[in-house]
There are 2 protein chains.
Amino acid sequence: MSFPNPQIKLTVDAIVFGYNEGKISILLIQRKYDPFKGQWAIPGGFVLENESLEEAVARELKEETGVSINYLEQLYTFGNVDRDPRGRVVSVAYFGLIHPEGHTLEATTDAEKAQWFDMETLPELSFDHKQIIDVAIERLRGKITYEPIGFELLETKFPFSNLEKLYTTLLGRPIDRRNFRKKINSLNILDELDEKISQGKGRPASLFRFNEKRYKQLQKEGIIFEI
Amino acid sequence: MSFPNPQIKLTVDAIVFGYNEGKISILLIQRKYDPFKGQWAIPGGFVLENESLEEAVARELKEETGVSINYLEQLYTFGNVDRDPRGRVVSVAYFGLIHPEGHTLEATTDAEKAQWFDMETLPELSFDHKQIIDVAIERLRGKITYEPIGFELLETKFPFSNLEKLYTTLLGRPIDRRNFRKKINSLNILDELDEKISQGKGRPASLFRFNEKRYKQLQKEGIIFEI
DNA sequence: TATATTTGCGTACTTAAAACACAATATAAA
DNA sequence: TTTATATTGTGTTTTAAGTACGCAAATATA
């Protein structure tokens, strides 16, 4: 069989989640050009011939939002025939996590502007991006219980209560503070720092830091993270 | 930005697992044309412009091996720049399960022949297909414990011991027969039939059938399958 | 100085997992 | 036809993990 040349285009898209004070947000861009000009969309774009998918998604994210990201994993590939009015476009979606603070948003190229949106109140979205986001949310909710990805959404130093709040938010249900703490402590993946922080009133809280080396060591020993 | 036309081609590949008497096997084809002419490879091929990814993978699998498949899910998309000597080819890999008996292999089009290979003794493979298979194996091993996909690998009626053997094989460790049976029974997802089967010597075994409706009902109730 | 608020730790209770023993039913060999 | 062997099928006890819950310590505010 010969080497065919169907008119199928390949894009990458990045669903980036952020977390701040009990709210999960998603990074969106406003499209500068047609189709869907002026509408909100997931950042992303066409893959260049000489770059890998991971390089493409990092580049597009940087171009359209100014954000560089630490945690990025492949989510799913969306290939319905009619998902793009311009023709056949298949998109490899990625799923990223950052802490919104410390990242300034700067839109260039295809994006008019970039902005964080509360996960609960998203605007109308271009293409099949709403569906893609639904898949991403499902993945985030599922993964948080068996991989320590929550720390990617927190600042490097955080009080225990912030971690707890993140989990109650993502799981959508209250968790017992004392049992949660016991479980995390039993895994030994947090380093308690000598610093303390006082948020509002009440007793000041110790700051903790996720110990990634320790976690990877546990993984090797076959010990699994589970909440 | 204009609608670009990079020379990126899109393929789909299908890693199909089978199971028979304590052995996991993988369905491979022998390539009829260059590159890698005569070498073994995962069945798959180029996506046509007017078909979805799922349609493409089912079509290619049928063409190259004669097999129609019941269980097929997206695995991962492989997009390294140099994974295909012909140029830039991105492949969306799918992951399928069937019971090898009752499927006659018939190679046509791009495949010289189709054949089952024991998972432990695979031949040298084309492209990055070895890596893709490694990802698929990892997925199969992981998923077997939290989704009842094992039944896709067994015949519709099976004795309990076959299910147990499948799990010991996939998990790579012995499991307690009595506790395993207790766990499966507690989920109520198996129907015991009035038939019995006698395999070799020993007491004849009752045949069971997976009750998918019952499982989906449990899912709705939030009860999770876990081994 | 008293009150409200948040952090931090400990113990009792409940449920699920792991370990283990023996009876029942068939085939094959003595 | 009796005995040995293999496989199926069902218990109970022990151990560990998960859940529920109470109370003291440290701070801000009234």
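If you're wondering where the values come from, they're calculated on a predicted model, not measured in any experiment.

Procedures and definitions
- Residues numbered from 1 in each chain as written.
- Chains lettered and ligands numbered in written order.
- Predicted model: local features only at pLDDT ≥ 70, side-chain atom pairs only at ≥ 80, totals over all residues.
- Heavy atoms only, no water.
- Near = heavy atom within 4 Å.
- Polar contact = N/O pair within 3.5 Å; in protein donor to acceptor, adjacent residues only side chain to side chain.
- Helix = DSSP H or I, 4+ residues; strand = E, 2+ residues; numbered from the N terminus.
- Nonpolar A, V, L, I, M, F, W, Y, C, P; charged D, E, K, R; others polar.
- Salt bridge = Lys/Arg side-chain N within 4 Å of Asp/Glu carboxyl O.
- Buried < 20%, exposed > 50% of the residue type's maximum accessible area, 1.4 Å probe, protein only.
- Expected span 1.5 Å × (residues − 1).
- Domains from an automatic or database assignment.
- Buried area = accessible area lost by both parts, 1.4 Å probe.
- Pairing = 2+ DSSP bridges.
- Axes fitted to C-alpha atoms, helices over the stretch in contact; angles between N-to-C directions.
- Patch = residues over 30% accessible without salt bridge, like charges linked within 9 Å, V, L, I, M, F, W, Y side chains within 5 Å.
- Areas by Shrake-Rupley, 256 points an atom, 1.4 Å probe, with all protein chains shown as cover.
- Lys, Arg positive; Asp, Glu negative; His and termini not counted.
- Charge placed at Lys NZ, Arg CZ, Asp CG, Glu CD.
- Contact = heavy atoms within 4.5 Å.

J.: So what exactly am I meant to see when it comes to the protein's contact with DNA strand D here?
T.: Taken together, 20 residues surround DNA strand D, and among them Arg178 of chain A together with Ser161, Arg177, Arg178 and Arg181 of chain B come closest. When the atoms of DNA strand D within 4 Å of the protein are grouped by moiety, sugar and phosphate amount to 51% of the total. Here a base oxygen of DNA strand D and a backbone polar atom of Gly202 of chain A are 3.5 Å apart. At 2.6 Å, a side-chain N or O of Arg177 of chain B approaches a base nitrogen of DNA strand D. At the level of secondary structure, the elements contributing two or more residues to the surface near DNA strand D comprise helix H4 (177-187) of chain A together with helix H4 (177-187) and strand S10 (205-210) of chain B. Looking at the surface near DNA strand D, the element that brings in the most residues is H4 of chain B, giving 4 residues. Split by residue class, the surface near DNA strand D holds 3 nonpolar, 6 polar and 11 charged.

J.: When you look at the pattern of salt bridges in this model, what are you seeing that I'm missing?
T.: Any two side chains of opposite charge can pair, given that their charged atoms come close. Evaluation of the coordinates by the stated rule reveals 24 salt bridges over all chains. We note a salt bridge from Arg59 of chain B to Glu63 of chain B, for which the minimum N-O separation is 3.2 Å. Highlighted residues: Arg59 of chain B and Glu63 of chain B, both in helix H1 (residues 53-65), separated by 4 residues, approximately one helical turn. Given the relative accessible area of 21%, Arg59 of chain B is considered partly exposed. Residues joined by salt bridges that share partners form a network here, namely Glu51, Arg59, Glu60 and Glu63 of chain A.

J.: Hey, could you run me through helix H3 (residues 160-171) of chain B in this one?
T.: Each α-helix winds once per 3.6 residues, and so residues spaced three or four apart point in a common direction. Here H3 of chain B contains 12 residues, and its C-alpha end-to-end distance of 17 Å stays within 8% of the 16 Å for a straight helix at 1.5 Å per residue. Gly172 of chain B sits one or two residues past H3 of chain B and shows a positive phi near 70°.

J.: What is the right way to look at the domain arrangement of chain A in this model?
T.: How large an interface is tends to be reported as the accessible area lost when its parts come together. All names here are of chain A. Partitioning chain A into structural domains gives domain 1 (8-143) and domain 2 (156-220). Relative placement of domain 1 and domain 2: their C-alpha centres are 29 Å apart. For the pair domain 1 and domain 2, the summed buried area comes to about 500 Å², and 67% of that belongs to carbon and sulfur atoms. Between domain 1 and domain 2 we count 0 salt bridges in total. Linking domain 1 with domain 2 are 2 residue pairs in polar contact (both at pLDDT 80 or more).

J.: Just to check I follow, could you spell out the sheet that holds S10 of chain B for this structure?
T.: Picture the strands of a sheet paired through backbone hydrogen bonds; they go either parallel or antiparallel. All names here are of chain B. In space, the 3 strands of this open sheet follow the order S8-S10-S9, with antiparallel pairing throughout. Where the open sheet ends on each side, the last strands, each with one partner, are strand S8 (157-159) and strand S9 (190-197). Along the sheet, successive strands turn relative to each other by an average axial angle of 40°, direction set aside. One ladder, built from 5 bridges, connects S9 with S10; its direction is antiparallel. Bridging across to S10, Glu192 finds its partner in Phe208.

J.: Would you mind showing me how to read unusual backbone geometry here?
T.: Generally, phi is negative for residues other than glycine and the peptide bonds are trans, each holding for most cases. Residue and element names in this part refer to chain A. The linkage connecting Asp34 with the following residue, Pro35, adopts the cis geometry, with an omega of -5°. Assignment of secondary structure puts Pro35 in the loop between strand S2 (23-31) and strand S3 (40-41). Even without being a glycine, Glu21 presents a positive backbone phi close to 45°. Secondary-structure assignment places Glu21 in the loop between strand S1 (8-20) and S2. One non-glycine residue, Phe127, adopts positive backbone phi at about 50°. You can call Phe127 buried: its relative accessible area is 18%.

J.: Looking at this structure, I do not really get the protein's contact with DNA strand C. What am I missing?
T.: Taken together, 20 residues lie around DNA strand C, and Ser161, Arg177, Arg178 and Arg181 of chain A together with Arg178 of chain B are the ones closest in. When the atoms of DNA strand C within 4 Å of the protein are sorted by group, sugar and phosphate make up 50%. At a separation of 2.5 Å, a phosphate oxygen of DNA strand C approaches a polar side-chain atom of Ser161 of chain A. One of the side-chain N or O atoms of Lys182 of chain B is found 3.2 Å from a base nitrogen in DNA strand C. Its residues placed into classes, the surface near DNA strand C shows 3 nonpolar, 6 polar and 11 charged.

J.: Just to check I follow, could you spell out a positive patch on the surface for this structure?
T.: Residues Arg177, Arg181, Lys196 and Arg203 of chain A make up a contiguous surface patch of positive charge. Within the secondary structure, Arg181 of chain A sits in helix H4.

J.: Looking at this model, I keep getting lost on the interface of chain A and chain B. Mind explaining?
T.: Counting residues at the interface gives 31 residues for chain A and 31 residues for chain B. At the boundary of chain A with chain B, total buried surface from both sides reaches about 2900 Å², with 60% on carbon and sulfur atoms. Here chain A and chain B share 0 salt bridges between them. The interface formed by chain A and chain B holds 9 residue pairs in polar contact (both at pLDDT 80 or more) in total. Elements represented by at least two residues in the side of chain A that touches chain B include exactly S1, helix H1 (53-65), strand S5 (71-78) and strand S6 (88-97) of chain A. For the side of chain A that touches chain B, the per-class residue count stands at 17 nonpolar, 7 polar and 7 charged.

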